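Descriptive structure summary
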There are 2 protein chains.
Amino acid sequence: MSKSLVFGHQNPDTDAIVAAKAFAYFQTQKGYDVEAVALGEPNMETTYVLNHFDEPAPRVVKTVSNEVDHVMLVDHNEAQQSVSDLDKVQVNFVVDHHRIANFTTDSPLYYRAEPVGCTSTILTEMFNEEKMEIPAKLAGLMLSAIISDTLLLQSPTTTDADREAVRMLAEIADIDVQSYGIAMLKAGTNLAAKSDKELIDGDAKSFDMAGHSVRIGQINTVDLADVLDRQAGLEKEMQAEMAADGYDLFITLATNVLNSDSELIVAGEPKAAVEKAFNTKLDNNRASLPGVVSRKKQVVPPLTAAFEA
Amino acid sequence: MSKSLVFGHQNPDTDAIVAAKAFAYFQTQKGYDVEAVALGEPNMETTYVLNHFDEPAPRVVKTVSNEVDHVMLVDHNEAQQSVSDLDKVQVNFVVDHHRIANFTTDSPLYYRAEPVGCTSTILTEMFNEEKMEIPAKLAGLMLSAIISDTLLLQSPTTTDADREAVRMLAEIADIDVQSYGIAMLKAGTNLAAKSDKELIDGDAKSFDMAGHSVRIGQINTVDLADVLDRQAGLEKEMQAEMAADGYDLFITLATNVLNSDSELIVAGEPKAAVEKAFNTKLDNNRASLPGVVSRKKQVVPPLTAAFEA
């Protein structure tokens, strides 16, 4: 088979970058010609991780059909979260831990999804199934991705498989999970260094919910006040993006990664769907969601259900 | 988790029935409460297989949401090939070897697809990965499904993984693959016993192609003349089903399983898409397709491409 590119979603987080590198390594060992690339620059947390393990950032691409005929996706499958010319190439492999939606192929493919906390956990299992050794540096990167996606195994998305992968990867990489994990999460939440636009863009993804275009971003912090003090500026940027990109509803979820509480900031309509989804009332376009840390598990499903009701 | 049902596609073939039984066994061993059911009665080939291994046919269901909240799919994922009330339940597990289309979930799930010849091949790998033993009777059933889907490893969908699974399952079941396989395939092609309507219905599946509703059936035979002599009657039944169920195009593929040649019989429009897909001209609504035996790999992809061009 000719060369493939492997990549994670737009606005890459640590798992999107690392899972692409890990799957590229895995597939290269299996004899495929694969290059890990990214659909954006690494964020602050990922930059900390790459620096820590002395690993280069992947090449950033805007399109892929100018280079290859087929691609491999990690950490996503929905077309609107992927590369802009995805419809011009064949998807041969997917490794993911999200719902399946807005994804279609003409031919059979390899698809591996599990409802676990992180793509790198599934990849750890795949290395084990193949009895393929994980190099120490790659183990450190994969460990970082799981810490990132599961917020140090505190997120409700965390499963026994994630805990087992962390145990195994930490041993291979010889890393103290708690101290490294807190340093890494703090490095990722240096909000003062970011503009309002960077904050709402950082991790945002688009979803189609019953015909409505819904944009949902998440800002991780160690102090919610750091985000909420900037509400006016954030709302202004959300409104500007809605006008520019045609979103109906824009939700920014501010999450305290240390105590697992979130606050919603909502722009656009229908706000009633948000209130219904979370059984709450918005006050000043805001609502508190104690115990909510996972967009995928605690925000998208109830909101989708509220739209479809 | 409460009880789940596991089932293959409508118009079940041997893999649809057997993969449900195999995955139900696998998941039961893992501690789930699972029952294998079917969306239709076993065909002649499957009946031969079940009798040979003294295995009961699965219970046939028309709906599932009256019994369970969540289901597991094998050997299919497209909603129009599944149970009629699929939208009323949650899909938690899929094991399949087809393209992914018209499939969407609200939540993350376990999804395992590989571009191999048979779902039972993937299940064999899953048993191996879990180091779970396959009972001899189940191995015989799974072996039969692979022989059925790959036409005794002759279909172009056949991969090294299918050959390796057949080798392993035949050893566990203590079966001579060639002699058993030919007897089984012949048992499945006793066409004289079937009406014209039964022939076009037997294995037919629906596909959405660029907004057109396309029905594609396949009739396996050991002598093409047995099918072609009945063309007039078959076309009449195809026209009747198109009128009743709103299909735009109905294609029946008659395949000689012993020498791997097929003949198309086409009803409805656009016939030009069929001619373009296979670079042929229809004569008396028919065309010869030498070397074509796989609907999934040799019919659906070029036809989809012709519709989308």
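Scroll up a little and you will see the structure.
The structure reproduced in this document is the subject of the present report. (Residues numbered from 1 in each chain as written. Chains lettered and ligands numbered in written order. Predicted model: local features only at pLDDT ≥ 70, side-chain atom pairs only at ≥ 80, totals over all residues. Heavy atoms only, no water.)

1. Structural notes on the overall build of chain A
- A tally of regular secondary structure across chain A gives eleven helices and eleven strands.
- Radius of gyration (C-alpha) of chain A: 19 Å, near the 19 Å computed for a compact globule of 309 residues.
- Counting over 309 residues, chain A shows a buried share of 60%.
- The contacts of chain A with a sequence gap of at least 6 include a subset with a gap of at least 24, amounting to 65%. (Helix = DSSP H or I, 4+ residues; strand = E, 2+ residues; numbered from the N terminus. Rg over C-alpha atoms; globule rule 2.2 N^0.38 Å. Buried < 20%, exposed > 50% of the residue type's maximum accessible area, 1.4 Å probe, protein only. Contact = heavy atoms within 4.5 Å.)

2. Some thoughts on the interface of chain B and chain A
- The interface is formed by 24 residues belonging to chain B together with 24 residues belonging to chain A.
- At the boundary of chain B with chain A, total buried surface from both sides reaches about 2100 Å², with 57% on carbon and sulfur atoms.
- The largest per-residue losses of area from chain B upon contact with chain A belong to I100(B), D106(B) and P108(B), which jointly make up 29% of the total buried on that side.
- Applying the counting rule to chain B against chain A returns zero salt bridges.
- Our count for the contact surface shared by chain B and chain A stands at six residue pairs in polar contact (both at pLDDT 80 or more).
- Listed by contribution, the elements that provide at least two residues to the side of chain B that touches chain A are β6 (110-113) and α11 (295-308) of chain B.
- Across the side of chain B that touches chain A, the residue classes tally to ten nonpolar, six polar and eight charged. (Buried area = accessible area lost by both parts, 1.4 Å probe. Salt bridge = Lys/Arg side-chain N within 4 Å of Asp/Glu carboxyl O. Polar contact = N/O pair within 3.5 Å; in protein donor to acceptor, adjacent residues only side chain to side chain. Nonpolar A, V, L, I, M, F, W, Y, C, P; charged D, E, K, R; others polar.)

3. Some points on the relation of the copies chain B and chain A
- Mapping chain B onto chain A calls for a rotation angle of 180 degrees and an axial translation of 0.1 Å; the resulting RMSD is 0.0 Å. On the angle and the small slide along the axis, the relation comes out as a two-fold axis. Across chain B, the rotation axis passes nearest the C-alpha of R112(B), at a separation of 2.4 Å.
- Most of the interface of chain B is mirrored in chain A, where 100% of its interface residues again form contacts. (Least-squares fit on C-alpha atoms with pLDDT ≥ 70 in both.)

4. Considering the environment of M168(A)
Residue and element names in this part refer to chain A.
- Examined against the element boundaries, M168 turns out to sit in helix α5 (residues 160-173).
- In this structure M168 comes out as buried when scored by relative accessible area, which is 18%.
- Along the backbone, M168 and E78 are 90 residues apart, and their C-alpha atoms lie at a distance of 30 Å.
- Beyond its immediate chain neighbours, meaning those up to four positions away, M168 contacts T124, N128 and I134.

5. As for unusual backbone geometry
- Cis geometry is adopted by the peptide bond preceding P270(A), which originates at E269(A) and carries an omega value of 0 degrees.
- Mapped onto the fold, P270(A) is located in the loop between β10 (261-268) and α10 (271-278).
- Of note in the backbone geometry, N11(A) takes a positive phi value of approximately 50 degrees without being a glycine.
- Judged by relative accessible area, N11(A) falls into the partly exposed class, the value being 24%.
- The backbone phi angle of L152(B) is positive, close to 60 degrees, even though this residue is not glycine.
- With respect to the helices, strands and loops of the structure, L152(B) is situated in the loop between α4 (136-150) and α5 (160-173).
- Note on L152(B): relative accessible area 9%, which makes it buried.

6. Things to note about helix α10 (residues 271-278) of chain B
All names here are of chain B.
- With six of its eight residues buried, α10 lies for the most part within the structure.
- All of the buried residues along α10 are K271, A273, V274, E275, A277 and F278.
- Positive phi shows up at N279, right after α10, with a value of about 50 degrees.

7. With respect to the pattern of salt bridges
- The final tally for this structure, using the stated rule, is 40 salt bridges over all chains.
- A salt bridge links E263(B) to R286(B); the shortest N-O distance between them is 3.2 Å. Residue E263(B) is found in strand β10 (residues 261-268), and its partner R286(B) is found in strand β11 (residues 286-289); the two are separated by 23 residues along the sequence.
- By relative accessible area, R286(B) is classed as partly exposed at 22%.
- Each of K3(A), E35(A), R59(A) and E67(A) takes part in a single network of salt bridges with overlapping partners.

8. Here's the deal with the packing of helix α1 (residues 14-29) of chain B against α4(B)
Residue and element names in this part refer to chain B.
- Between α1 and α4, whose axes approach to 9 Å, the crossing angle comes to 145 degrees. Classified by chirality, the crossing of α4 by α1 is left-handed. Contacts from T14, D15, V18, A22 and Y25 of α1 reach α4 at L138, L141, M142, S144, A145, S148 and D149.
- Each residue belonging to the contact of α1 with α4 can be placed in one class, and the counts come to seven nonpolar, three polar and two charged. (Axes fitted to C-alpha atoms, helices over the stretch in contact; angles between N-to-C directions. Left-handed = near helix turned anticlockwise from the far one by under 90°.)

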